[in-house]
Number of protein chains: 2
Amino acid sequence: MGLNEELQEALNNDRVTANETVLRQHSKDESYHTPNLPAIVVFPETADEVSEIMKIANKYHSPVVPFGFGSSLEGNVIPNKQDTITIDFSLMNKVLEVREQDFLVKVQPGVTRSQLNKELKKYGLFFSVDPGADATLGGMAATNASGTTAVRYGVMRDQVRDLEVVLADGTIIHTGNLAAKSSSGYHLNGIFVGSEGTLGCFTELTLKVYGIPEHTMAARASFDSVDDAVEAVVGILQAGVPVARVELVDEQSMKQMNLYSGTTYKEGPTLFLEFHGNEAGLNHDVEFTREIVLDKDCKEIKFETDTAARNRLWEARHNVAYAYIHGHPGKKQMVTDVCVPISELAGAVKEARLAIESSGLEGGVVGHVGDGNYHALIMIDPSNPADVNLAKQVNARIVNYALERGGTCTGEHGVGIGKQEYQEKEHGEALGVMQKIKQVLDPDNILNPNKIIKETSIETS
Amino acid sequence: MGLNEELQEALNNDRVTANETVLRQHSKDESYHTPNLPAIVVFPETADEVSEIMKIANKYHSPVVPFGFGSSLEGNVIPNKQDTITIDFSLMNKVLEVREQDFLVKVQPGVTRSQLNKELKKYGLFFSVDPGADATLGGMAATNASGTTAVRYGVMRDQVRDLEVVLADGTIIHTGNLAAKSSSGYHLNGIFVGSEGTLGCFTELTLKVYGIPEHTMAARASFDSVDDAVEAVVGILQAGVPVARVELVDEQSMKQMNLYSGTTYKEGPTLFLEFHGNEAGLNHDVEFTREIVLDKDCKEIKFETDTAARNRLWEARHNVAYAYIHGHPGKKQMVTDVCVPISELAGAVKEARLAIESSGLEGGVVGHVGDGNYHALIMIDPSNPADVNLAKQVNARIVNYALERGGTCTGEHGVGIGKQEYQEKEHGEALGVMQKIKQVLDPDNILNPNKIIKETSIETS
């Protein structure tokens, strides 16, 4: 028996394919990175099947790439080795248990965030992490995704109470437990979340969920300059207003938004805000925020209390990246993703706008500015090397600016292949510790190889 | 030159000692575990000196134990090997930088939490984590400490943005950065926090701090039974009240508290509560909480708005463990530390009370019940093997109950030597992953050896 036959046998003969269309679907993500076909795609239904797949992969030294929804932005799921087995988790898509009293939910990795929220709504609960795409929860844990609500509820890593993980040798472990806190053993949840499939495959996740807030209010605040907008954010955070969302959309991106979403919002640098709480506290927060932003030269602030207007506002915000793609047929988007300390945010966003403008490429800046995380959305023709090169230069300028000021090269998209070249500058000698952990947990280097840590740096370490 | 001489040279000849009194101070913690002398105690002043010490320890294969305030509760800092070098961090006690706008502070590991809060108060900021003792921040990070405010602000691991760590071979790394979030590389902050000196020595910490809340209110709510009190906690959490503290003190412990602190609080199972927020929101939270607890058969609820009464209340709560010690001259305290999912809390606390009562030992239950974490405080004569044995049986019963219900054997005290025997039951095959990480990062096993993971299980792995 060969690799294919062994996989066929492990998966009841019907969930292993080398069909060209399926391979092509699994050759790419939503990024500008060059696609590359896997050799085979498998669709397991249980952790035991994933364990069998890993044992077979081990036997044949075949690289393995776990695949959720394919919405990664740094080439994280693109095979970059011959004979790659891509494990597609779309059949492991069940919400297994809702533990209302514990504010916990147990899900399979292929459940998407919108699917989970639909289920949780029945219990008056919601899952907070909201990247732009309707990603799977396994994928979101793999990249330590976040989104607009991290400023209040935290990132993916903060929500993961336990993971069931299949290791390189097929061993199945649990990284945590159901308790709200623990000081027992090493914190494996932390190291596996964000490991992008390089240390193991997630087959079950236990996640923290929240009660749907009693009251919610959203607002749009327009400014004449990005500087004023960012200063207003700093003011809101300094004042201790427990804002649930605070997003910056620059003038260029507001224009794309209005075009794509049919909104008629004022086309200047804008903050999108949301507040959660009891009615009395929320009214106080809203009033306080109005005072702060007006003091920072806000030109217009509009509050949305009804659900429909609020949903429209957030849908428009979530769709900014797609608005750019829609408005630039044939082009692809390169998205930067740095995160800086709040005190460095105004300078960093200004630097990003300058970098885009001096490149001559079209693009805008949007971001989860309450965390100091923002994205430059840059439109390029991926088949034009000059475009790609210019965009990479913009990215490099933005990343270096962030790293020199205590920031990180990726706030939420992960390293994949796109941020590998910055790992040494960002982590210094700590990269050696990461390499050692990778080597000891995946000695044959079959788990999503040559992602996060470059193989050359592994070999020479 | 021998070990002593090399250490003398590295530390300018005056910060290395084998003085009997100093050795004895470093032979124990605040637990019931048997003291054991180190061979030598060193007092470094810089990370470079710590790196030198590690290089020398490596050369002589000498075990190294990092030591903060000595307030650990599971023997975490007790030497358990011949020729141990204890590194006392008390001279590295500077608050290095307060970054107001970023809500960050950079400290040396020997800074205590009360020292930090005194400094932060000048800026209108506070550090949230509050274990009973006035522990050092290095020690608190080493055990992933928490305390009464974790239900709102999180545990020590949630506050650590970056650590400077000296590894086993003397290499100095940084585990994080200054940004609020990052998906870059493996999350080393997570794995080093809670590693109890077994993976490296912390020489600098960058920590998240918070604005002192606009308004604070505290309350005491008395019940007829622990069951009613725990049900009230579940009710408060279910209702989404953003309570800042919610502590349970059982009847036995209330008596000890009144005796020791001179308070005249009602001596039944009691919840100590605190609320933070703006005035309007807080009043709403308080009213809502009153309704919930009265609905759960609360017999008396008293609110404290003025600072003095509030401080008295929390001081009394923090001193419960010392109240027991003071009330039982010559005895030591064995403290259990499990954490369970909230849905299992009422049963777990009842089981703990039963376990204490059937043992015939004296003791009470207190806990950070908003997290499902509670402690049985059991008074024993450590020189009486029967006492020690009975207390260990109570502990085992409480731990096993928790582990069988998705809980953890330690919510905040760490493993040290006291919880080693439960690691395999709690972590299963994941213990193998922890062993591999320990082996690869400390191949000569010199960093606080035979803590967390038992050496026998390392050797046979």
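Residues numbered from 1 in each chain as written. Chains lettered and ligands numbered in written order. Predicted model: local features only at pLDDT ≥ 70, side-chain atom pairs only at ≥ 80, totals over all residues. Heavy atoms only, no water.

Per an unreviewed UniProt entry, chain A carries the name D-lactate dehydrogenase (cytochrome) and comes from Virgibacillus oceani. According to its UniProt record, chain A has this under Sequence similarities (unreviewed entry): "Belongs to the FAD-binding oxidoreductase/transferase type 4 family." Under the UniProt heading Cofactor (unreviewed entry), the note attached to chain A is "FAD". (UniProt positions renumbered as here; feature names shortened; annotations may be inferred.)

**What to know about the UniProt feature "domain: FAD-binding PCMH-type" (unreviewed entry) in chain A**
UniProt annotation of "domain: FAD-binding PCMH-type" (unreviewed entry) refers to residues 34-212 of chain A when read in the numbering used here. Between the C-alpha atoms that bound residues 34-212 of chain A there is a distance of 41 Å. The span itself is 24% helix and 23% strand. (Helix = DSSP H or I, 4+ residues; strand = E, 2+ residues; numbered from the N terminus.)

**Overview of the nonpolar core**
In this structure, Phe127, Leu188 and Phe192 of chain A together with Phe127, Leu188, Phe192 and Leu271 of chain B are the most contacted members of the largest nonpolar core, which totals 135 residues. If near-sequence neighbours (up to four positions away) are discounted, Leu188 of chain A is found in contact with Ile173 and Thr175 of chain A together with Ile191, Ala430, Val433, Met434 and Ile437 of chain B. (Core = buried A, V, L, I, M, F, W, Y, C linked by side-chain atoms within 4.5 Å. Buried < 20%, exposed > 50% of the residue type's maximum accessible area, 1.4 Å probe, protein only. Contact = heavy atoms within 4.5 Å.)

**Regarding the side chain of Glu204 of chain A**
All names here are of chain A. Relative to the helices and strands, Glu204 is located in strand β10 (residues 201-208). Within the buried core, Glu204 has no salt-bridge partner, and the shortest N-O distance to an opposite charge, that of Lys106, equals 4.2 Å. Discounting chain neighbours no more than four positions away, the residues touching Glu204 are Leu96, Lys106, Val107, Pro109, Asp162, Leu163, Glu164 and His174. (Lys, Arg positive; Asp, Glu negative; His and termini not counted. Salt bridge = Lys/Arg side-chain N within 4 Å of Asp/Glu carboxyl O.)

**Looking at the interface of chain A and chain B**
One frequently used descriptor of interface size is the decrease in accessible area upon assembly of the parts. Taken residue by residue, the interface counts 80 residues in chain A and 80 residues in chain B. Interface area, chain A with chain B, both sides summed: about 5900 Å², of which 59% is carbon and sulfur. For the interface between chain A and chain B, the tally reads four salt bridges. Its salt-bridge partner being Glu412 of chain B, residue Lys181 of chain A comes within 3.1 Å of it at the nearest N-O pair. (Buried area = accessible area lost by both parts, 1.4 Å probe.)

**As for the sheet that holds strand β8 (residues 160-166) of chain A**
All names here are of chain A. Strand order in the open sheet formed by five strands is β5-β6-β10-β8-β9, and the pairing between neighbours is antiparallel. One side of each edge strand has no neighbouring strand; the edge strands of this open sheet are β5 (95-99) and β9 (172-174). Recorded for the sheet is a direction-independent mean angle of 10° between the axes of neighbouring strands. Relative to β10, strand β6 (residues 104-107) runs antiparallel, the two being bridged by four bridges. Along β10, the bridge assignment pairs Val107 with Leu205. (Pairing = 2+ DSSP bridges. Axes fitted to C-alpha atoms, helices over the stretch in contact; angles between N-to-C directions.)

**Thoughts on the environment of His328 of chain A**
Residue and element names in this part refer to chain A. Along the chain, His328 falls in the loop between α13 (320-327) and β16 (332-335). With 51 residues separating them along the chain, His328 and Met379 place their C-alpha atoms 7.4 Å apart. When neighbours within four sequence positions are excluded, His328 is seen to be in contact with Gln256, Glu362 and Met379.

**Some words on the domain arrangement of chain A**
Residues and elements named next belong to chain A. Its domain assignment divides chain A into domain 1 (3-88), domain 2 (103-211), domain 3 (215-321), domain 4 (328-416) and domain 5 (422-459). For domain 4 and domain 5, the distance between their C-alpha centroids amounts to 25 Å. Contacts between the two partners involve twelve residues from domain 4, matched on the other side by six residues from domain 5. Run the count over domain 4 and domain 5 and you get one salt bridge. Residues Glu404 and Lys425 are paired through a salt bridge, measuring 3.1 Å at the closest nitrogen-oxygen approach. Across the contact surface, domain 4 and domain 5 share five residue pairs in polar contact (both at pLDDT 80 or more). When the residues that make up the side of domain 4 that touches domain 5 are grouped by side-chain class, the tally is five nonpolar, five polar and two charged. (Domains from an automatic or database assignment. Polar contact = N/O pair within 3.5 Å; in protein donor to acceptor, adjacent residues only side chain to side chain. Nonpolar A, V, L, I, M, F, W, Y, C, P; charged D, E, K, R; others polar.)

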